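# A closer look at the structure
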Amino acid sequence: MTAHPIDTHALSQLPVKKLHRRPMREFTSLRVGGEADIILFPENMDELQEVASTAVSRGIPLYPLGGGTNLLVSDQGIRGAVVSLFRGFNYISTENGNGQGVIVRAGAGASLSRVCLFALNKGLEGLEALTGIPGSLGGSLTMNAGRNSASIGDRVKTVKMLTGKGELVSFTRQEIDFGYRRAEYPARGVIVEAELVLGRSAERVVKAPDRPSPSRQVLPFNAGSIFKNPPGQSAGTLMEECGLKGEREGDAQISHLHGNIIVNRGSAKAAHILKLMERARESVAARFDIRLEEEIKVIGE
Ligand SMILES: Cc1cc2nc3c(=O)[nH]c(=O)nc-3n(C[C@H](O)[C@H](O)[C@H](O)COP(=O)(O)OP(=O)(O)OC[C@H]3O[C@@H](n4cnc5c(N)ncnc54)[C@H](O)[C@@H]3O)c2cc1C
């Protein structure tokens, strides 16, 4: 059931591509989530600024959406506006780093995979480990996405953001606190662009070494790791040792292949996934006295 929508009429009037009352399951890799009141697709900075200033002046909450690959949206959906940058903010280019490697400048709506492939094809080193992580550059900069010991934050020179106050500001890497699957910025807002510093390889085309295992690629709808690894531990192993693999709630199931992944076998609801997560948290706390922290972002009513 979808809760009563809030008044987004002012946003509906803007000359920006938009969808009304669309289920968020269409925009998330877990394929769950109720309706968002409005989803906007600005194609340039003027449109984005108009969307943001209208939302702020009318008190309409604005939720940035990337590829939806790390999101669990509630069954009641999102009251307010969702903004997606994938239509207009997907450019990628290179610049000379003036002795500090090569700068790749990319829009937040570009997919991280495209940014990685662009770098590989130009013979630039530094993003190989991130090849194959799904989602957008903007999402990766919010999550500090990474694999093994490498993460996107390692390569950041600057991140440009349209803040909640409507200011377009550029933060240097030193001003951003990148940690394990988290990034704290000096302000909140919509990330619009980043500059990444990469090295030039002696080879013309760099080889991408780290690919997800084939078993991970054939999993049904999922959002990658549900919980962060506690220090020195693997969340998946802790869950497996609690006998949680294969546990089900409706059509949601803790994967038989990976303890820390919940799959939607077709018609799962967000409520089923949240129940499984709670069961996992309780089991791990009871057996190991460890509190699992969510990696996925849970949003909505
Ligand atoms: C099969 C699979 C494998 C995965 N493997 C990995 C992995 O190896 N390593 C890893 O780190 N992650 C992994 N993930 C998780 C996910 O891909 C990453 O967290 C990814 O960076 C999320 O990007 P997204 O664009 O999909 O973000 P979304 O899921 O759309 O959003 C995530 C968060 O970022 C915010 N956000 C998105 N765009 C912006 C923006 N422009 N400005 C401000 N905030 C924004 C959203 O509001 C939300 O809070 C995996 C997911 C799947 C489904």
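Residues numbered from 1 in each chain as written. Predicted model: local features only at pLDDT ≥ 70, side-chain atom pairs only at ≥ 80, totals over all residues.

### Let's talk about the environment of K17
Along the chain, the position of K17 falls in the loop between α1 (9-12) and β1 (18-23). Look at K17 and you get partly exposed, because 14 C-beta atoms sit within 10 Å. C-alpha of K17 to C-alpha of R87: the two residues are 70 residues apart in sequence and 9.5 Å apart in space. Those residues in contact with K17 that sit more than four places away from it in its chain are F41, E43 and R87. (Helix = DSSP H or I, 4+ residues; strand = E, 2+ residues; numbered from the N terminus. Buried ≥ 20, exposed ≤ 12 C-beta atoms within 10 Å, placed from the backbone. Contact = placed C-beta atoms within 7 Å.)

### Notes on the domain arrangement of the protein chain
The domains assigned to the protein chain are domain 1 (9-84), domain 2 (92-200) and domain 3 (214-293). When each unit is reduced to the centre of its C-alpha atoms, the spacing between domain 1 and domain 2 is 23 Å. Residue contributions to the side of domain 1 that touches domain 2 peak at five residues, all from helix α2 (residues 45-58). Here the residues of the side of domain 1 that touches domain 2 sort into five nonpolar, seven polar and no charged. (Domains from an automatic or database assignment. Nonpolar A, V, L, I, M, F, W, Y, C, P; charged D, E, K, R; others polar.)

### Some details on the pairing of strand β3 (residues 62-65)
Only one face of β3 is buried, namely the one carrying Y63 and L65, since none of L62 and P64 on the opposite face is buried. Alignment of β3 against strand β5 (residues 78-84), held across four bridges, turns out to be parallel. Within the sheet, the bridge partner assigned to L65 lies in β5 and is S84. (Pairing = 2+ DSSP bridges.)

### Quick word on the nonpolar core
Counting residues in each nonpolar core, the largest one holds 76 residues, and the members touching the most others are L40, L72, V115, V192 and I273. The residues touching V115, leaving out its near neighbours within four places in the chain, are I92, V104, A106, A110, L127 and L137. (Core = buried A, V, L, I, M, F, W, Y, C linked by C-beta atoms within 7 Å.)

### Examining the site of the ligand
With respect to spatial proximity, 31 residues lie near the ligand, and among them G66, G135, G138, G139 and G224 are the closest. Looking at the shell around the ligand, the elements with two or more residues in it are β3, α4 (137-143), β9 (146-147) and β15 (189-200). The element that contributes the greatest number of residues to the shell around the ligand is α4, accounting for five residues. Residue composition of the shell around the ligand, grouped by class: 13 nonpolar, 15 polar and three charged. (Near = placed C-beta within 6 Å.)

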